[in-house]
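Take a look at the letters that make up each chain.
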Amino acid sequence: MKLLAPLRLFSARPAHPVGPDGRMALSDHLRELRARVLRVALVTIVALGVALYFFDFLYELVYGPYQDAAEQLAEGTTFATTSGAAGGLMLYLKLSGFAALVVTAPYWLYQIWAFILPGLHAHERKWSRVFVMVAGPLFLAGVLLGYLTLPKGLEVLIGLNPEGVTNLVDFNEYLQFFTRTLLVFGIAFEIPVFVVMLNLAGVVSGKSLGAHRPWIIVGIFIFAAVATPSADPFTMTFMAVPMVILFLISEVIARAHDRRKAARSANAGLSPDELSPI
């Protein structure tokens, strides 16, 4: 039994029975949080080991956008590393760690939602499956779009280099730029999911989203302009347009949920002058 004790750290099952409403005590929530954090850490470490094994493939994948941008420019530009003797090791760890974070995104997004799940009512828990099915693919779709638009953004930035001056790109700084761009695109694609979650929680309604739609769209374009590291109109538009489309879809979902919720209400169908059955 003592040999099995460490395995209990990974068990998210509460040590005490839940209440009649299906909710757990604070100590059980903390125990579950510890278990889920350890699970995410274990899966990420395994993914990191796999990424280190496929480092050469990942390097070519990261180097591709820069190579495409360099081929379109007449100015000279070259890669370099200025991190000293440990530069190569840090390059291995940073690139492999980023790959592990992206690949395991569906899993750790599920763990976040599953931790919140016990705090929801029974009729709201069915949305957990929808969250898992939508949030992970949306994050990966955002990362993919960021990767496809990255060469154009690099071409704009490197093209600002004065004629006759060689652009010396530190690979570690480029990797940070690469990582930040893809993460921003991935997180931006999650915003509609959280809009729907706020609607399910009763924080915002579909009607209020529609009333503030013009300002929200303007805010999306401002967010895209600030969030994209390259700050060029091409990359900004490629981020903002899908976000607007996803927001409109989330508004439609929120309105449909509000109508369904109103239809189930005890006062549904009553006029303002009619007495409530209560």
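Residues numbered from 1 in each chain as written. Predicted model: local features only at pLDDT ≥ 70, side-chain atom pairs only at ≥ 80, totals over all residues. Heavy atoms only, no water.

Enquirer: Is there a simple way to explain the overall build of the chain in this structure?
Expert: Helix and strand counts for the chain stand at 10 helices and two strands. Helices (α) and strands (β) of the chain occur, in sequence order from the N terminus, as α-α-β-α-α-α-β-α-α-α-α-α. Taken across its 278 residues, the chain has 35% of its residues classed as buried. Relative to all contacts within the chain whose residues are 6 or more apart in sequence, the contacts with residues 24 or more apart total 79%. As displayed, the chain has an accessible area near 16,400 Å², and 70% of this comes from carbon and sulfur atoms. (Helix = DSSP H or I, 4+ residues; strand = E, 2+ residues; numbered from the N terminus. Buried < 20%, exposed > 50% of the residue type's maximum accessible area, 1.4 Å probe, protein only. Contact = heavy atoms within 4.5 Å. Areas by Shrake-Rupley, 256 points an atom, 1.4 Å probe, with all protein chains shown as cover.)

Enquirer: Help me out: how do you make sense of the side chain of Ser96 in this one?
Expert: One can find Ser96 in helix H3 (residues 87-103). The class of Ser96 is buried, set by a relative accessible area of 0%. Contact partners of Ser96, with chain neighbours within four places excluded, come to Leu48, Ala51, Leu52 and Phe55.

Enquirer: What is the right way to read the packing of aromatic side chains from this model?
Expert: For any pair of aromatic rings, the description rests on two quantities: the centre-to-centre distance and the angle between the ring planes. According to the stated counting rule, one finds 10 aromatic pairs in the structure shown. Taking the centre distance of 5.0 Å and the plane angle of 85° together, the rings of Tyr53 and Phe54 count as edge-to-face. The interplanar angle of 65° and the centroid separation of 5.9 Å between the aromatic rings of Tyr66 and Tyr174 together place this pair among those described as edge-to-face. Within this pair, whereas Tyr66 is found in helix H2 (residues 55-71), its partner Tyr174 is found in helix H6 (residues 171-188), the two being separated by 108 residues in sequence. Summarising the burial analysis for this pair, Tyr66 and Tyr174 share the class buried. Among the aromatic side chains, those forming a connected cluster through ring pairs are Phe55, Tyr59, Tyr63, Tyr66, Tyr92, Phe98, Tyr147, Tyr174 and Phe178. (Phe/Tyr/Trp six-rings, centres within 6.5 Å; stacked < 30°, edge-to-face > 60°.)

Enquirer: What exactly am I supposed to notice about the packing of H2 against H6 here?
Expert: Pairs of packed helices are described in terms of their axes, by the angle between the two and the distance that separates them. At a minimum axis separation of 11 Å, H2 and H6 run at an interaxial angle of 90°. The orientation of H2 with respect to H6, classified from their angle, is roughly perpendicular. Residues Tyr59, Val62, Pro65 and Tyr66 of H2 lie in contact with H6, whose contacting residues are Phe171, Tyr174, Leu175 and Phe178. Considering only residue class, the contact of H2 with H6 consists of eight nonpolar, no polar and no charged. (Axes fitted to C-alpha atoms, helices over the stretch in contact; angles between N-to-C directions. Parallel < 35°, antiparallel > 145°, perpendicular 65-115°, else oblique. Nonpolar A, V, L, I, M, F, W, Y, C, P; charged D, E, K, R; others polar.)

Enquirer: Would you mind going over H6 with me for this structure?
Expert: Turn by turn, an α-helix covers 3.6 residues, leaving residues three or four places apart pointing in a common direction. Between its first and last C-alpha, H6 extends 25 Å over 18 residues, near the 26 Å set by a 1.5 Å rise per residue. Among the 18 residues of H6, 13 are classified as buried, and the element is accordingly described as predominantly covered. (Expected span 1.5 Å × (residues − 1).)

Enquirer: Teacher, can you tell me more about the pattern of salt bridges here?
Expert: In a structure, side chains of opposite charge can pair up when their charged atoms sit close to one another. Under the criterion given, the structure shown has three salt bridges. One salt bridge in this structure joins Glu32 and Arg36, with 2.9 Å as the shortest N-O distance. Placement of both Glu32 and Arg36 in helix H1 (residues 26-53) is noted, with a separation of four residues, approximately one turn of the helix. A salt bridge links Arg213 to Glu251; the shortest N-O distance between them is 2.7 Å. With Arg213 in helix H9 (residues 213-227) and Glu251 in helix H10 (residues 233-263), the pair connects residues that are 38 residues apart, well separated along the chain. A relative accessible area of 29% means that Arg213 is categorised as partly exposed. (Salt bridge = Lys/Arg side-chain N within 4 Å of Asp/Glu carboxyl O.)

Enquirer: Help me out: how do you make sense of the packing of helix H7 (residues 191-200) against H10 in this one?
Expert: Put simply, H7 and H10 touch, their axes get as near as 9 Å, and they point 15° apart. When the axes of H7 and H10 are compared, the pair comes out roughly parallel. Along this stretch, H7 crosses H10, giving a crossing that reads as right-handed. Together, Ile191, Pro192, Val195, Val196, Asn199 and Leu200 of H7 and Met243, Leu246, Phe247, Ser250, Ile253, Ala254, His257 and Asp258 of H10 make up the contact between the two elements. Classifying every residue of the contact of H7 with H10 by side-chain character gives 10 nonpolar, three polar and one charged. (Left-handed = near helix turned anticlockwise from the far one by under 90°.)

Enquirer: What exactly am I supposed to notice about a nonpolar patch on the surface here?
Expert: Taken together, the side chains of Leu42, Val46, Val50, Tyr53, Phe54, Phe57 and Leu61 present a nonpolar region at the surface, about 750 Å² in accessible area. Where the nonpolar patch is concerned, the elements lending two or more residues are H1 and H2. Sorting elements by how many residues they give to the nonpolar patch places H1 first, with four residues. Within the secondary structure, Phe57 sits in helix H2. (Patch = residues over 30% accessible without salt bridge, like charges linked within 9 Å, V, L, I, M, F, W, Y side chains within 5 Å.)

Enquirer: So what exactly am I meant to see when it comes to the environment of Ile220 here?
Expert: Along the polypeptide, Ile220 turns up in helix H9. Ile220 sits in the buried class, given a relative accessible area of 9%. For the pair Ile220 and Ala188, spaced 32 residues apart in sequence, the C-alpha to C-alpha distance is 9.3 Å. When near neighbours in sequence (up to four residues on either side) are disregarded, Ile220 contacts Ala240, Met243, Val244 and Phe247.

That's the geometry; what it means functionally is another story.
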